[in-house]
Structures are given as C-alpha cells and as structure tokens.
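Here are the chains, one letter per residue:
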Amino acid sequence: TQLLEQSPQFLSIQEGENLTVYCNSSSVFSSLQWYRQEPGEGPVLLVTVVTGGEVKKLKRLTFQFGDARKDSSLHITAAQPGDTGLYLCAGSTGANNLFFGTGTRLTVIP
Amino acid sequence: KAGVTQTPRYLIKTRGQQVTLSCSPISGHRSVSWYQQTPGQGLQFLFEYFSETQRNKGNFPGRFSGRQFSNSRSEMNVSTLELGDSALYLCASSLLNAFSYGYTFGSGTRLTVV
C-alpha cells in the first residue's frame, strides 16, 4: 500500500499569511492530485499534476510536483477564511484508484 | 449538470444488521469508486466499478460488496455491521478513470453503527 504522508497535520493561521503544505511518499506516482474537503461535503478536486517538476497555479494556490514524482507541495498566498478546510493529496500509480494522503486541516482565522 | 448524488445522507444501524448505500454518478461518467473515511484512517479505497464490472478492489473484508448497474448507478452493501464500520462513505465518479480525469465526489453517507 502506497503511503502518502502530509505535513503539517493541523495548521491554524491568521488571514493574510502564507502557508505551505507538504505531501511525501517513498513511492513514485504517475500523477498526483490535490483536493479540498469542507465539513459535511466530499472532497473537491483542485488540480492534477503529472510531470516531475511541474508547477501549476490556481489564483493564490501554487502546486508543485517533485522532480522524482514522489512528493508535492501546495502553497497558499495571503490565506483567506474561505481557504479553511481539509487538504488532501492523492497519488495514482496508473491503476484505477487513488491513494489519499493523511490530510492537512487548515483553519484561517479572520 | 447534476453532481454525484448519494443516498441516504445519514443512517443509524445496529450491530449485526446490513446496509445498502446508493450512488448516482454524473451523467456520462462510467467509473464509480467507493471510499471509507474515518478520522483515524483517512480515506480508504473500497472498490471501483466500470461498465458494471469491478475493476479494482481495496483491502476490506468480504462483508463489503458493491455493484454497478447498466445506467452506471452503483450500490454498496455492508453485511453483519460492526461498530468499527461507523464512517463517512464517499462515492466518487470519473469519466473513465481517476488517473487522468480525477474524481467528482458526492457528499457522502454518514453511517453510525450502535
């Protein structure tokens, strides 16, 4: 079973601060996805990265896939209360399922 | 377009009973996957169906089963419920596979076993 470790597990910051969430594994992934889950809802896909070293930007969110395709990071600039939620990375080995990370619970305080 | 619909949203069952959960995927999506989410274990993969066939299976006991119908709707069944089965069960659909297209998740069914 591929294990995806996310850090930190919990993060509480003030509105306007920057933050980075990490997703690490000893396995190589064909692609890696990031999801955000809000209370009472299912996860929502934010981005998919497939190429080692790839960087994708989604407004204030920047996603990076490691060169060796074993790790990824999510950087949020000027966090807002609406960014609050559980952030999950998920890796695929090309099979028809994703392995989800342990999650980072982010709270942005107004 | 309509999202992934899961019913019921909440369910309370007694140990030893069985339960059936339902999932209607996004129209046109042929792949349906099921996940169990708990605070301690996170999201754990149960199984994936594509065109009425189970294409992939996670490491869960045989008490957990599923099926997919010709209209891509899916059901999962848990027999002889145990207290540890209490969890949020999430259904996710994908156009063809999660690898390329990612998942669209439903809001989940929260199952409580007492």
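Below or above, wherever it landed, is the structure these notes cover. Owing to the predicted nature of the structure, the values given are computational and were not obtained by experimental measurement.

The rules behind the values
For every chain, the first residue of the written sequence is number 1, and numbering continues from 1 along that sequence. Chain labels run from A onward and ligand labels from 1 onward, assigned in the order the entries are written. Where local features are concerned, this predicted model is filtered to residues with pLDDT of at least 70; where side-chain atom pairs are given and counted, the filter is 80 or more; whole-chain, interface and lining totals use all residues. Heavy atoms throughout the structure, all of them, feed into the side-chain values; hydrogens and water do not. A run of DSSP states H or I qualifies as a helix once it reaches four residues; a run of E qualifies as a strand once it reaches two. Both are numbered from the N-terminal end. For each residue, the accessible area found with a 1.4 Å probe, counting protein chains only, is set against the maximum for its type, and the residue is called buried under 20%, exposed over 50%, and partly exposed in between. Residue burial considers only the protein chains on display, and all accessible areas are found by Shrake-Rupley using a 1.4 Å probe. His is not counted here, nor are the chain ends, while Lys and Arg score as positive and Asp and Glu score as negative. The location of each charge is read from NZ of Lys, CZ of Arg, CG of Asp or CD of Glu. Throughout, a contact is declared for two residues whenever any of their heavy atoms are within 4.5 Å. Two parts placed together each lose some accessible area under a 1.4 Å probe, and adding up what both lose gives the buried area. Take a side-chain nitrogen of Lys or Arg and a carboxyl oxygen of Asp or Glu: if they are within 4 Å of each other, that pair is a salt bridge. Polar contact is defined as a pair of N or O atoms within 3.5 Å, subject to the rule that within protein one atom must be able to donate a hydrogen and the other to accept it, and that residues adjacent in sequence are counted only when both atoms are side-chain atoms. Note on terminology: pairs of cysteine sulfur atoms within 2.5 Å are recorded as disulfides.

Broken down by element type, chain A carries zero helices and 11 strands. Overall, chain A shows an N-to-C arrangement of helices and strands of β-β-β-β-β-β-β-β-β-β-β. Oriented by its inertia axes, the alpha-carbon framework of chain A measures out at about 40 × 30 × 20 Å. Here chain A holds 110 residues, and the buried ones make up 47% of them. Counting only carbon and sulfur atoms, one obtains 50% of the accessible surface of chain A, whose full area is about 5100 Å². Side chains of chain A give 8 positive and 9 negative charges; the mean places of these two sets differ by 5 Å.

This brings us to the interface of chain B and chain A. Every contact between the two is made by 19 residues of chain B and, on the other side, 19 residues of chain A. Around 1500 Å² of area is buried between chain B and chain A when both sides are counted, 53% of it from carbon and sulfur atoms. Among the residues of chain B in contact with chain A, L43, F99 and Y103 of chain B are the three that bury the most area, contributing 36% of the side total. Seen at the junction of chain B and chain A, the total is zero salt bridges. The tally of links between chain B and chain A comes to eight residue pairs in polar contact (both at pLDDT 80 or more). Listed by contribution, the elements that provide at least two residues to the side of chain B that touches chain A are β4 (31-38), β5 (42-50), β6 (53-57), β9 (87-94) and α1 (98-101) of chain B.

A covalent bond between the sulfur atoms of two cysteines is what we call a disulfide. Residues and elements named next belong to chain A. If you walk through the whole model with that rule in mind, you get two disulfides over all chains. The disulfide partner of C23 is C89, and the gap between their sulfur atoms is 2.1 Å. Judged by the sign of its S-S torsion, about 80 degrees, the cystine formed by C23 and C89 is right-handed. Taken together, the residues span a long stretch of sequence, with C23 in strand β3 (residues 19-24) and C89 in strand β9 (residues 85-92) at a distance of 66 residues. Taking relative accessible area as the criterion, C23 reaches 0% and is therefore assigned buried. For C89, a relative accessible area of 0% translates into the label buried.

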